[in-house]
Amino acid sequence: MVAYVIRRLLVNVLVFFGLSVGIFALVRAAPGDPVLVMIDPTQAQGAGPGFLAMKRHELGLDQPLPLQYFSWLRRAVTGDLGVSYVSHRGVADVLTERLGPTVLLMGTALAIGIILGALVGTIAAVRRNSAVDYTAAVLSMATVSVPSFFVGIAAIYVFSLNLRILPSAGMSTPGGGGGADILRHLVLPATILGLSVAGPMVRYVRGGLIGELNADYVRTAVAKGASPWRVVFRHALRNTLIPLITIVMIYIPQLLGGAVVIEQIFSWPGMGQLVVSSVAALDYPVVVGFALYIGVLVLLCNLLADVLYAVADPRVRLS
């Protein structure tokens with residue numbers, strides 16, 4: 001196991017290097033001039049080519065792209081991701097500052113998605129071809145088909161504007177705060193983001209559990225007098241959830257992409273809201289840093305999925 005993890009880490013280092021090259025080149029190829037975005041429009045009208053060239057030199061944008069990349073990489077390996085063109089603060093500090101709200105939103109949404117998906121999928125499999133099963137199928141397809149931004153806007157209209165029971169934006173009430181206040185602000189964005197996970201999870205759990213319920217060991221357990229719910233939760237569901245480890249790990253990076261949209265709709269002060277404003281401002285260091293965070297998250301999730309799969313199923317041997 002240890003040798004396998006070390007080999008995967010070495011492979012991930014190579015993947016990370018290739019990923020950083022691609023991200024850096026793509027961000028630099030984006031249309032627009034960050035210098036023109038940074039300076040005041042009235043100042044830009046009066047600025048001559050010499051002033052703009054001086055600004056590009058200060059940012060290192062006048063150097064060839066390979067030199068810019070290796071200069072950035074040399075600092076990045078020490079944890080220095082550069083300085084934001086907009087806030088003039090360290091990129092690592094800016095991203096870390098927004099990391100907490102995003103992790104809170106994603107973690108809550110993931111927990112809601114897994115619990116809801118496993119529960120509804122189990123009920124649909126046990127009551128297959130019934131009205132409950134068909135209703136679960138329709139709802140799970142709806143969560144996959146309807147865009148999150150549409151559900152978010154509809155939820156704000158219903159629960160915030162009409163019923164006035166939940167806040168529509170932000171992470172806390174100005175002048176207020178506290179755990180209960182943050183929880184009220186978290187309900188809508190986390191639930192809507194969690195539904196995007198729960199929908200596919202219902203289908204995976206239902207399909208896997210139906211296959212397990214038809215297996216010989218389940219019939220043997222029933223013949224020995226085990227109760228139906230003991231057979232489902234003690235035996236069949238446990239074997240069904242093992243392949244879901246990989247699916248959950250794959251969904252975590254996708255969840256971060258969904259969080260970008262949800263944070264915009266609900267004005268949640270996380271990394272998604274930061275990166276959207278940074279893209280509009282051509283803030284290259286922040287965009288590259290955010291993309292690298294996602295890349296590292298994907299690599300770690302893939303590695304964690306392999307390790308957890310071997311731990312959950314002793315028949316799997318990592319060699």
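This structure is a prediction, so every number in the text was calculated from the model and none was measured.

A.B. asks: How should the overall build of the protein be read in this particular structure?
C.D. replies: When its secondary structure is counted, the protein shows 13 helices and zero strands. Secondary structure elements of the protein, listed N to C terminal, follow the sequence α-α-α-α-α-α-α-α-α-α-α-α-α. Each principal axis of the C-alpha distribution contributes one length, and for the protein these read about 85 × 60 × 35 Å. For the protein, buried positions account for 38% of its 319 residues. The contacts in the protein between residues at least 6 apart in sequence include a share of 74% that link residues at least 24 apart. When the accessible surface of the protein is split by element, carbon and sulfur atoms take 69% of a total near 17100 Å². Computed over 22 positive and 15 negative side-chain charges, the separation of the two mean positions in the protein equals 14 Å.

A.B. asks: So what exactly am I meant to see when it comes to unusual backbone geometry here?
C.D. replies: Excluding glycine, most residues fall at negative phi; most peptide bonds, likewise, are trans. In this structure, histidine 88 takes a positive phi of about 60° despite not being glycine. With respect to the helices and strands, the residue histidine 88 is situated in the loop between helix H5 (65–76) and helix H6 (91–126). Phi is positive for serine 267, which is not a glycine, with a value near 50°. As for its placement among the helices and strands, serine 267 is situated in the loop between helix H11 (228–265) and helix H12 (271–280). When its relative accessible area of 34% is taken as the criterion, serine 267 is described as partly exposed.

A.B. asks: It is not clear to me how the nonpolar core should be interpreted in this structure. Could you clarify?
C.D. replies: Grouped burial of nonpolar side chains is what soluble globular proteins tend to show. Leu105, Leu193 and Leu209 are the most contacted members of the largest nonpolar core, which has 40 residues in total. Mapped onto this core, the elements with two or more residues apiece are H6, helix H8 (148–162), helix H9 (179–213), helix H10 (216–223), H11 and helix H13 (284–312). Considering every element that reaches this core, the biggest residue donor is H11, with 14 residues. Setting aside residues up to four positions removed in sequence, leucine 193 forms contacts with Leu105, Ala109, Leu255, Gly258, Ala259 and Ile262. The next biggest cluster of nonpolar side chains, apart from the first, holds 27 residues, and it includes Ile23, Ile39, Leu81 and Met271.

A.B. asks: Can you help me understand the pattern of salt bridges in this one?
C.D. replies: Charged atoms that come close allow side chains of opposite charge to pair. In this structure the tally under the stated criterion is four salt bridges. Among the ionic pairs, aspartate 80 bridges to arginine 75, the shortest N-O distance being 3.9 Å. With a relative accessible area of 32%, aspartate 80 lands in the partly exposed category. A relative accessible area of 33% means that arginine 75 is categorised as partly exposed. Here arginine 89 makes a salt bridge to glutamate 97, at a shortest N to O gap of 3.1 Å. Classification of glutamate 97 by relative accessible area gives partly exposed; the value is 48%.

A.B. asks: Hey, could you run me through H9 in this one?
C.D. replies: Residues that lie three or four places apart on an α-helix share one face, since the helix turns once every 3.6 residues. The first and last C-alpha atoms of H9 sit only 42 Å apart over 35 residues, clearly below the 51 Å expected at 1.5 Å per residue. The largest bend in H9 is about 40°, located at leucine 186, with the proline proline 189 one to four residues further on.

A.B. asks: How should the environment of methionine 106 be read in this particular structure?
C.D. replies: If you trace the backbone, methionine 106 turns up in helix H6. With residues up to four places along the chain from it excluded, the contact list for methionine 106 reads Ile252, Leu255, Leu256 and Ala259.

A.B. asks: What is the right way to read the packing of H10 against H11 from this model?
C.D. replies: Each packed pair of helices is defined by two parameters, the angle between the axes and the distance between the axes. Orientation of H10 relative to H11, taken along the N-to-C sense of each, is 170°, at an axis distance of 11 Å. One finds that H10 runs roughly antiparallel with respect to H11. Mapping the contact onto sequence places Tyr217, Val218, Ala221 and Val222 in H10 and Val231, His235, Ala236 and Asn239 in H11. Residue composition of the contact of H10 with H11, by class: six nonpolar, two polar and no charged.

A.B. asks: Honestly, the environment of serine 168 in this entry has me stumped. Any pointers?
C.D. replies: Relative to the elements of secondary structure, serine 168 occurs in the loop between H8 and H9. The residues touching serine 168, leaving out its near neighbours within four places in the chain, are Ile156, Ser160 and Phe266.

A.B. asks: Mind showing me how you'd approach the packing of aromatic side chains here?
C.D. replies: Taken as a whole, this structure holds seven aromatic pairs when the rule is applied. Between tryptophan 229 and phenylalanine 233 the ring centres are 5.4 Å apart and the planes differ by 25°, which places this aromatic pair in the stacked class. Of this pair, tryptophan 229 and phenylalanine 233 both sit in helix H11, separated by four residues, roughly a single helical turn. Tryptophan 229 gets classed as partly exposed once you look at its relative accessible area, which sits at 44%. Taking relative accessible area as the criterion, phenylalanine 233 reaches 45% and is therefore assigned partly exposed.

The rules behind the values
- Residues numbered from 1 in each chain as written.
- Predicted model: local features only at pLDDT ≥ 70, side-chain atom pairs only at ≥ 80, totals over all residues.
- Heavy atoms only, no water.
- Helix = DSSP H or I, 4+ residues; strand = E, 2+ residues; numbered from the N terminus.
- Buried < 20%, exposed > 50% of the residue type's maximum accessible area, 1.4 Å probe, protein only.
- Contact = heavy atoms within 4.5 Å.
- Areas by Shrake-Rupley, 256 points an atom, 1.4 Å probe, with all protein chains shown as cover.
- Lys, Arg positive; Asp, Glu negative; His and termini not counted.
- Charge placed at Lys NZ, Arg CZ, Asp CG, Glu CD.
- Core = buried A, V, L, I, M, F, W, Y, C linked by side-chain atoms within 4.5 Å.
- Salt bridge = Lys/Arg side-chain N within 4 Å of Asp/Glu carboxyl O.
- Expected span 1.5 Å × (residues − 1).
- Bend = angle between axes of the 7 residues up to and from the residue.
- Axes fitted to C-alpha atoms, helices over the stretch in contact; angles between N-to-C directions.
- Parallel < 35°, antiparallel > 145°, perpendicular 65-115°, else oblique.
- Nonpolar A, V, L, I, M, F, W, Y, C, P; charged D, E, K, R; others polar.
- Phe/Tyr/Trp six-rings, centres within 6.5 Å; stacked < 30°, edge-to-face > 60°.

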